[in-house]
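# Commentary on secondary and tertiary structure
In case you want the letters, here they are:
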Amino acid sequence: MADWKEQMQNLVNSLEKLEQHINVTPEEKEAIEKSETVWGTTPYFASLMDKDDPNCPIRKQVIPSQKENENNYGIENYLIYKENRSNEENRPDTIARQYHDRVAFTVMKTCANYCRHCFRKEVVVDQSLKLNFDLEEGLQWIREHQEVRDVLITGGDPLLLSDEKLDFLISKLREIPHVEMIRIGSRVPIVLPQRITEGLLKVLGGYHRVPIWLNTQCNHANEITEETAKAVYKLMTSGINVGNQAVLLKGINDDVQSFRELHQKLLSVRIRPYYLFYCEPAPGIDHFRTPVEKGAELIRDAIRGHTTGLAQPMYVMATNIGKIPLMPDYYIKEKSDKEYTVVNYKGQETTIPNIPE
Ligand SMILES: *Cc1c(COP(=O)(O)O)cnc(C)c1O
Ligand code: SF4
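Residues numbered from 1 in each chain as written. Chains lettered and ligands numbered in written order. Predicted model: local features only at pLDDT ≥ 70, side-chain atom pairs only at ≥ 80, totals over all residues. Heavy atoms only, no water.

On to helix α9 (residues 163-174), then. Taking 1.5 Å per residue as the helical rise, α9 with its 12 residues ought to reach 16 Å, and the 16 Å between its terminal C-alpha atoms agrees with that figure. Those residues of α9 not exposed but buried are L166, L169, I170, L173 and R174. For α9, the arc enclosing every buried residue in end-on projection is 125°, short of the 170-degree limit, so these residues lie on one face. (Helix = DSSP H or I, 4+ residues; strand = E, 2+ residues; numbered from the N terminus. Expected span 1.5 Å × (residues − 1). Buried < 20%, exposed > 50% of the residue type's maximum accessible area, 1.4 Å probe, protein only. Arc of directions from axis to C-beta.)

Next comes the structure, spelled out in structure tokens:
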């Protein structure tokens, strides 16, 4: 199935289809039968699952779990709160704002993989929050807000729009004089690399005043294949920068080995790690969440000093007041106007003179 539309038409979203890829466990079967949420993935991504291991990191991101019905730590009506949708500024549903100079532009709720840990699950997976995806209204709002220089197109998965719709969206954004850059958040390079077609590259690629930066989401090394590598190469050779935003997920990438392997493998296919997100407190995903400290510990124990510096993402917590950096804080042992005593990944110390104000 080399054609992306064919992949989407054959989404693996029923027990029968899933059974063609893996040996479904009784627990998985029960969760699927009881689930009232949207679930499913592409045949391509399903083919990367481990047939016999229910702890397979891809299975866990794709197959519903009964644990989704538990909610001890999540925030109800999470997106309304997180995206400041109930505050004074009157904005279209498509525009989420936390910063002065940039906004997130949510263009659709369809995905090629319905991630069980999705923080936008109320829109995408549970579909309990209905948004009005009026692109023209969103574009008009951006035109009227001259302070917005960076537009992050997100979803759902915006790269599932047709080439024609994307062409419309990108060219309209590029016509706005104050828009300096466009970002796209899309899991397509990971879950549907077939989507990176000549037609799409024609729409997104080529030299332009307004560059396009793409951030994908890859959470485990097993999600990366030669298909991924080729899709990323095509994007980059067309002028589109590709980064990764991983989510810290319990039992999937929260151990030193998986975490290091993920970030090394991303670089091997030319994807630059950008963010590591603390898994957000959306309702029903407690089972994916770790203590906050975990991410900083992993960067300390798996990445910094242990491997290529480019492999290191910035660990952040996405909140209603923006993203908060949570990097390891053990590097500075003592500091004064005169000097800094710092510690490396092996625990060795050294002292460097400071320049006082
Ligand atoms: C994440 C996010 C951004 C982009 O943040 P960067 O730190 O610039 O990558 C912008 N707006 C909203 C609403 C976001 O959630
Ligand atoms: S692809 Fe993105 S929006 Fe879609 S379910 Fe996954 S995390 Fe959510």
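On we go from here.
Before going further, it helps to spend a moment on helix α12 (residues 226-237). Here α12 spans 16 Å end to end across 12 residues, near enough to the 16 Å set by a 1.5 Å rise per residue. Those residues of α12 not exposed but buried are T228, A229, A231, V232 and L235. For α12, the angular spread of the buried residues around the axis is 165°, confining them to a single face. For α12, the exposed residues lying more than 90 degrees away from the buried face are E226 and T237. Buried positions along α12 lie against α4 (43-46), α10 (188-191), α11 (198-204), β5 (212-216) and β6 (241-247). Two to three positions downstream of the cap, the backbone nitrogen of E227 sits 3.0 Å from a side-chain oxygen, assigning the N-cap of α12 to T225. With its phi angle positive at about 100°, G239 sits one or two positions after the end of α12. (Contact = heavy atoms within 4.5 Å. Polar contact = N/O pair within 3.5 Å; in protein donor to acceptor, adjacent residues only side chain to side chain.)

On to the sheet that holds β6, then. One open sheet accounts for 9 strands, arranged β1-β2-β3-β4-β5-β6-β7-β8-β9; its pairing is mixed. Among the strands making up the open sheet, the edge pair consists of β1 (95-97) and β9 (322-325). Averaged over neighbouring strand pairs, the angle between their axes works out to 30° when direction is ignored. (Pairing = 2+ DSSP bridges. Axes fitted to C-alpha atoms, helices over the stretch in contact; angles between N-to-C directions.)

Before going further, it helps to spend a moment on the packing of helix α8 (residues 135-144) against α9. Two numbers describe how α8 lies on α9: the axes approach to 10 Å, and their chain directions differ by 15°. What the angle tells us is that α8 and α9 run roughly parallel. For the element pair α8 and α9, the recorded crossing hand is right-handed. Residue-level inspection shows L135, E136, L139, I142 and R143 of α8 in contact with α9, the latter providing F168, L169, K172 and L173. Residue classes in the contact of α8 with α9 are distributed as 6 nonpolar, no polar and 3 charged. (Parallel < 35°, antiparallel > 145°, perpendicular 65-115°, else oblique. Left-handed = near helix turned anticlockwise from the far one by under 90°. Nonpolar A, V, L, I, M, F, W, Y, C, P; charged D, E, K, R; others polar.)

Attention shifts here to the site of ligand 1. All residues adjacent to ligand 1 are A96, Q98, Y99, R102, A104, L152, R183, Y274, Y275 and K323. Contact distances for ligand 1 include 2.7 Å between an oxygen atom and a side-chain N or O atom of R102. One of the side-chain N or O atoms of K323 is found 3.2 Å from an oxygen atom in ligand 1. Protein contacts shield 86% of the accessible area of ligand 1, which totals 380 Å² for the unbound molecule. Those elements that provide at least two residues to the shell around ligand 1 are β2 (102-106) and β7 (272-277). (Near = heavy atom within 4 Å. Areas by Shrake-Rupley, 256 points an atom, 1.4 Å probe, with all protein chains shown as cover.)

Attention shifts here to the pattern of salt bridges. Counting across every chain of the model gives 18 salt bridges. A salt bridge links E30 to K34, with the nearest nitrogen and oxygen atoms 2.7 Å apart. One end of the pair, E30, and the other, K34, are both in helix α3 (residues 26-34), 4 residues apart, so they sit about a helical turn from each other. Residue class for K34 comes out exposed when judged on its relative accessible area of 53%. Where D126 meets K121, a salt bridge forms, and the shortest distance between an N and an O atom there is 3.2 Å. (Salt bridge = Lys/Arg side-chain N within 4 Å of Asp/Glu carboxyl O.)

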